[in-house]
Amino acid sequence: MARHVIIVGAAKSGTSTLFQYLGTHKRVNTSAGKEPHYFCDGFYEDHQKEGTDYEDLWTSSRGDICLEATTGYTKYPVITGAPENMVEYGLSPKIIYVAREPISRLKSHIKYMVWRDRSIGADKLRKISVASSMYYSQINRFVDAFGAGAVKLVLLDDLASNPDSCVREIFEFIGIDPVSVEESRKENETRAVTNLELILRDSPLWSLKSLLSDGVKSKLRHLCTLFSESPEAEIIGRIGEERLRTMCEDALRLETLFDVDLMPWRRSIGRSPLLAEIESLDA
């Protein structure tokens, strides 16, 4: 039985919802916060200097299975070191990787980061978003480190359509008695943001939003969409078809690594206006 279970990604694929679901089990002790990044290069070295143990992430003694989730562990090569640092630390965790159709995930990731962190440069945002959708390259690093039997792939489609069955399978993978979970609200949903809204954030008018009701704010956001584009459109448009094709081809290699049927992904990718030709992605 594994003492440590880590949800390593992918970002914007339902990791927050899964973290919440798994935490309902009485034997699962969730870390004090999601995304601790403990084993990412930079963080890991700082923790070693400070003498901060990985176990310090858990402040409760609720259960014997320690669960954490950090999507930064699968953003290589922008963020490095995760599996290597886990091995150096002496950890032998069970790894859970949630994946979503790669182009949809990339769009959601960019939209979220534009809304969350305006300081991130467009080039870095494109790089980290593309890397995060290269699922085979990301998860294969953990397979090499811990073995295929220590890694479980979860498809967002399955988690969304039948969360109870999906989570029960994960409990069995962890090695604890499966229990049913009640479907709850989605965590960490990303709403649309426009360039006009981003401009308003930098003006004195933005401070007045606290005086408005949620209904009024929603109507104002809708008006913004009528007069302004979403900022992620230009960022995505500059990625380039060849780079997107390489990304999708890498993601679809999960079919051979985990023996899963990704035909729904292929269909979705084939309908994407970002890819003019998809012969190389045909089954």
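In this report, the structure presented in the accompanying data block is examined.

1. What about the overall build of the chain?
Here comes step 1: Along the chain, the regular secondary structure elements total 14 helices and 5 strands.
Here comes step 2: Out of the 283 residues in the chain, the part that is buried amounts to 46%.
Here comes step 3: Restricting the contact set of the chain to residue pairs at least 6 apart, pairs at least 24 apart contribute 79%.

2. Details of helix 12 (residues 241-252)
Each α-helix winds once per 3.6 residues, and so residues spaced three or four apart point in a common direction.
Here comes step 1: Its 12 residues place the ends of helix 12 16 Å apart at the C-alpha level, agreeing with the 16 Å of an ideal helix rising 1.5 Å per residue.
Here comes step 2: Inspection of helix 12 places L244, R245, M247, C248, D250, A251 and L252 among the buried residues, and these make up the whole buried set.
Here comes step 3: Contacts from the buried residues of helix 12 go to helix 4 (102-116), helix 5 (122-132), helix 6 (135-146), helix 13 (254-258) and helix 14 (263-271).

3. Observations regarding the packing of helix 4 against helix 5
Here comes step 1: Taken N-terminus to C-terminus, the directions of helix 4 and helix 5 make an angle of 145°; their axes are 9 Å apart at the nearest point. Our pair here, helix 4 against helix 5, has a crossing hand that is right-handed. Residues R105, L106, H109, I110, M113 and V114 of helix 4 pack against L125, I128, S129, V130 and S132 of helix 5.
Here comes step 2: Tallied by class, the residues present in the contact of helix 4 with helix 5 amount to 7 nonpolar, 3 polar and 1 charged.

4. Some details on the environment of L254
Here comes step 1: Relative to the elements of secondary structure, L254 occurs in helix 13.
Here comes step 2: Classification of L254 as buried rests on a relative accessible area of 0%.
Here comes step 3: Placed 114 residues apart in sequence, L254 and N140 show a C-alpha to C-alpha distance of 9.3 Å.

5. Thoughts on helix 5
Here comes step 1: Turning to helix 5, its buried residues are L125, R126, I128, S129, V130, A131 and S132.
Here comes step 2: Against the buried residues of helix 5 lie strand 4 (94-99), helix 4, helix 6, helix 11 (232-237) and helix 12.

6. Here's the deal with a negative patch on the surface
Here comes step 1: A contiguous patch of negative charge on the surface is contributed by D41, E45, D46, E50 and E88.
Here comes step 2: Per-element tally for the negative patch: the top contributor is helix 2 (residues 43-50), with 3 residues.
Here comes step 3: Locating E88 in the fold gives a position in helix 3 (residues 82-89).

Analysis parameters
- All residue numbers refer to position in the chain's written sequence, counted from 1.
- Owing to the predicted nature of the model, reporting of local features is limited to residues with pLDDT of at least 70; listing and counting of side-chain atom pairs is limited to 80 or more, with chain, interface and lining totals taken over all residues.
- In computing side-chain properties, one takes all heavy atoms of the structure into account and sets aside hydrogens as well as water.
- Per the convention used, a helix needs a DSSP run of H or I reaching at least four residues, while a strand needs a run of E reaching at least two, with both numbered from the N terminus.
- Under the scheme applied here, a residue whose accessible area is under 20% of the maximum for its type counts as buried, over 50% as exposed, and between as partly exposed, the area being computed with a 1.4 Å probe on protein chains only.
- In what follows, a contact means two residues having at least one pair of non-hydrogen atoms within 4.5 Å.
- Multiplying one less than the number of residues by 1.5 Å gives the expected span of a helix.
- In this analysis, axes come from line fits to C-alpha atoms, helices being fitted only over the stretch in contact, and the angle between any two N-to-C directions falls in the range 0 to 180 degrees.
- We call a crossing left-handed when the near helix sits turned anticlockwise from the far one by less than a right angle, and right-handed when that turn is clockwise.
- Under the grouping applied here, Gly and all other residues not named as nonpolar or charged are polar, the nonpolar ones being Ala, Val, Leu, Ile, Met, Phe, Trp, Tyr, Cys and Pro and the charged ones Asp, Glu, Lys and Arg.
- Two distance rules govern patches: like charges are joined within 9 Å, and nonpolar side chains (Val, Leu, Ile, Met, Phe, Trp, Tyr) within 5 Å, applied only to residues with over 30% relative accessible area and no salt bridge.
- For accessible areas, the Shrake-Rupley method is used with a probe of radius 1.4 Å. Any residue's cover is judged against the shown protein chains and nothing else.
- Criterion for a salt bridge: a side-chain nitrogen of Lys or Arg within 4 Å of a carboxyl oxygen of Asp or Glu.
- For the purpose of counting charges, residues Lys and Arg are taken to be positive, whereas Asp and Glu are taken to be negative. His and the chain ends are not included.
- Every charge is mapped to an atom, namely NZ of Lys, CZ of Arg, CG of Asp or CD of Glu.

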